[in-house]
Amino acid sequence: MADRFKFIIIGRGMLGSAAARHLAGRVDGVALIGPDEPKDAARHEGVFASHYDEARITRTIDTDPVWALLAKRSIARYAAIAEGSGIDFFHEAGCLMVGPRRGGADPYVADICHAAERVGARTQVLDAITLRQRFPYFDFGTGCEGVFEAVGAGYVNPRRLVEAQSVLARRAGATIVPATVVCTRETGDGVVVTTADGQEIRGEKVLVAAGGFSIAENLLPKPVDLSVYARTVAFFEIPDAELAHYAGMPSLIHQPDDPHRHIYLLPPVRYPDGKTYLKIGGDPDDLRLETEPAIRAWFRSGGRAGIRDHLSRIIDGLVPDLAGAPLSMAACVTSFTPNNYPAIGFASDRIAVLTGGCGAAAKSSDEIGRLGAELLIGGDLDQAAYGDVFRPSFR
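In this report, we go over the structure that sits alongside the text. Note that the coordinates shown come from a computational prediction; the quantities given were computed from them, not determined experimentally. (Residues numbered from 1 in each chain as written. Predicted model: local features only at pLDDT ≥ 70, side-chain atom pairs only at ≥ 80, totals over all residues. Heavy atoms only, no water.)

A few words now on the overall build of the chain. Looking only at helices and strands, one finds 9 helices and 20 strands in the chain. Relative to the compact-globule value of 21 Å for 395 residues, the chain shows a C-alpha radius of gyration of 21 Å, a close match. Projected onto its principal axes, the C-alpha coordinates of the chain cover approximately 65 × 45 × 40 Å. Looking at the chain residue by residue over its 395 residues, the buried ones come to 56%. Restricting the contact set of the chain to residue pairs at least 6 apart, pairs at least 24 apart contribute 74%. Entry remark: accessible area of the chain is about 16400 Å², with carbon and sulfur atoms responsible for 48%. Looking at the chain, you have 42 positive and 49 negative side-chain charges, and the mean spots of the two groups are 3 Å apart. (Helix = DSSP H or I, 4+ residues; strand = E, 2+ residues; numbered from the N terminus. Rg over C-alpha atoms; globule rule 2.2 N^0.38 Å. Buried < 20%, exposed > 50% of the residue type's maximum accessible area, 1.4 Å probe, protein only. Contact = heavy atoms within 4.5 Å. Areas by Shrake-Rupley, 256 points an atom, 1.4 Å probe, with all protein chains shown as cover. Lys, Arg positive; Asp, Glu negative; His and termini not counted. Charge placed at Lys NZ, Arg CZ, Asp CG, Glu CD.)

Burial within helix α1 (residues 14-24) is extensive, with 11 of its 11 residues counted as buried. Those residues of α1 lying buried are Met14, Leu15, Gly16, Ser17, Ala18, Ala19, Ala20, Arg21, His22, Leu23 and Ala24.

Further remarks concern the pattern of salt bridges. Scanning all chains against the criterion turns up 29 salt bridges. Of the charged contacts in the structure, one is a salt bridge between Glu367 and Arg77, with a shortest N-O distance of 2.6 Å. Of this pair, Glu367 sits in helix α8 (residues 365-377) while Arg77 sits in helix α2 (residues 65-85), placing them 290 residues apart in sequence. Residue class for Glu367 comes out buried when judged on its relative accessible area of 0%. (Salt bridge = Lys/Arg side-chain N within 4 Å of Asp/Glu carboxyl O.)

Spatially, β3-β8-β4 is the arrangement adopted by the 3 strands of the open sheet, whose pairing is antiparallel. The outermost strands of the open sheet, each flanked by one partner alone, are β3 (56-58) and β4 (90-91). (Pairing = 2+ DSSP bridges.)

Another point: the environment of Ala331. Along the chain, the position of Ala331 falls in strand β18 (residues 327-336). Classification of Ala331 by relative accessible area gives buried; the value is 16%. As for Ala331 and Phe299, which are separated by 32 residues in sequence, their C-alpha atoms are 5.3 Å apart. Leaving out residues up to four positions away in the same chain, Ala331 has contacts with Arg231, Trp298, Phe299, Gly302 and Gly303.

Right, let's talk about the nonpolar core for a bit. Formed by 36 residues in total, the largest nonpolar core has its most connected members in Ile8, Ile33, Val193, Val206, Val208 and Ile295. Within the residue set of this core, elements represented by two or more residues are β1 (4-10), β2 (30-33), β11 (191-195), β12 (200-208), β13 (227-238), α6 (292-301), β18 and β20 (351-355). When sequence neighbours within four positions are dropped, the list of residues in contact with Ile33 reads Ile8, Ile9, Ile10, Gly11, Arg12, Val177, Ala179, Val181, Val193 and Ile201. (Core = buried A, V, L, I, M, F, W, Y, C linked by side-chain atoms within 4.5 Å.)

Right under this line is the structure:
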C-alpha cells in the first residue's frame, strides 16, 4: 500500500464507494477505507452499514426537485456501471405509489402526478378498480388512486451496487483498505487516518462518508449536525411454490388515510440465505440514536418487535395472502440533516463530510457520490442545477 494518498474516503457504503469511483476515474492516489460486512451482526462489536440488504426502491419521481434530479442523474448511469463492472444490481420492476383519491384533503397523488410531469416520467394513473385488476395481490380498498412508473423504476440491490462501484474504483487505480477508522488528525501537510488495527494512513484530504456513523467522535474536527434514527424492517418469507402468485409485483409506496400506516414495500427478492422475502418498512414513530455506540447497539439488537408487529398488521390488510407467513425483522438507520438534503462540504481545510441520506439516497447514491468527489477535487457542486442546499451544518 502507498505511504501517502491524495484523497482518502472513509466509508465503503453507497456514497463512499460512488465517490471513490468518480475520484479514481479522474486522479491518482485514491484510498477507500471501511470494514467488510460482518458475518454475525448480533455478535459484531464494530461498525455497520445500511447497505447490508438486497433491495431498495428506485424511482425518478420525487416531489422535491433536488432529490428528483439526484435520482434521475444516478439512474441514467446504472447501465454503464453494471456493464463496466459486470455486476447487475438494478431490477426494473416498476414503482407504484398509491394514496387517497385526488379531490380530498390529502394531495399525495396530485403531488406525485405533478412531480412526474416535471421530470418527464412516463406514468399511468390507476383508479381503485384498475389497481385491483392490475395488482391482484394488493388490497388498497376503495377511494384510492395509484401512479405507476414502469420504466427506470423498481429496486436496486445495494450490496451489488456497492460491489460494482468498488470494482470500478479499484480498476481505475483506487486502493481499498478493509479496516475501521477510529480517528483523523490534521497535520501541517495533510491528514493522518488511524484504523482500529493500528494502521496510520496519510493523505492530503479526507472525505468522511460514514453514514450515520459520521457522528462518531474523532472522525470530524467538529461534529456534523446529523440526526440518526433507528428503523425496523420486516420480512415475510414466501415459499418458492407461491412465487408465481406475486409475479410482476412492483415496488410500492403506500400513503393511506392514516399517516401512521404509511409504508414502503419491496417485491419478493431472494436473499443470501436462499429464501425469498417480501420486505416492508415504515416506522410510525422516531427513535433517535444520539451516539455512535448507540448505533452499534441498535444494529446488534435486530430491531423493535413492536414495529415488526405493526408492519405485520398492515400486511394482513394490504397483502392478505401473506397473513401468517413466517416473519422476521432487521435493524437499519436513517440519517437526516436539518434541511433534508445530503451534507456535502468541508469541516476544516482538509477534512470534508458526505453524509445524510435522509431516507432517500440509495437510488441517488451515484450522483451524491459524484458531488463528494467534485468537492475534494475543488470542482463545482452544480449550484446552477441544485442551488446551495448541500452546505453542512456543524454543532
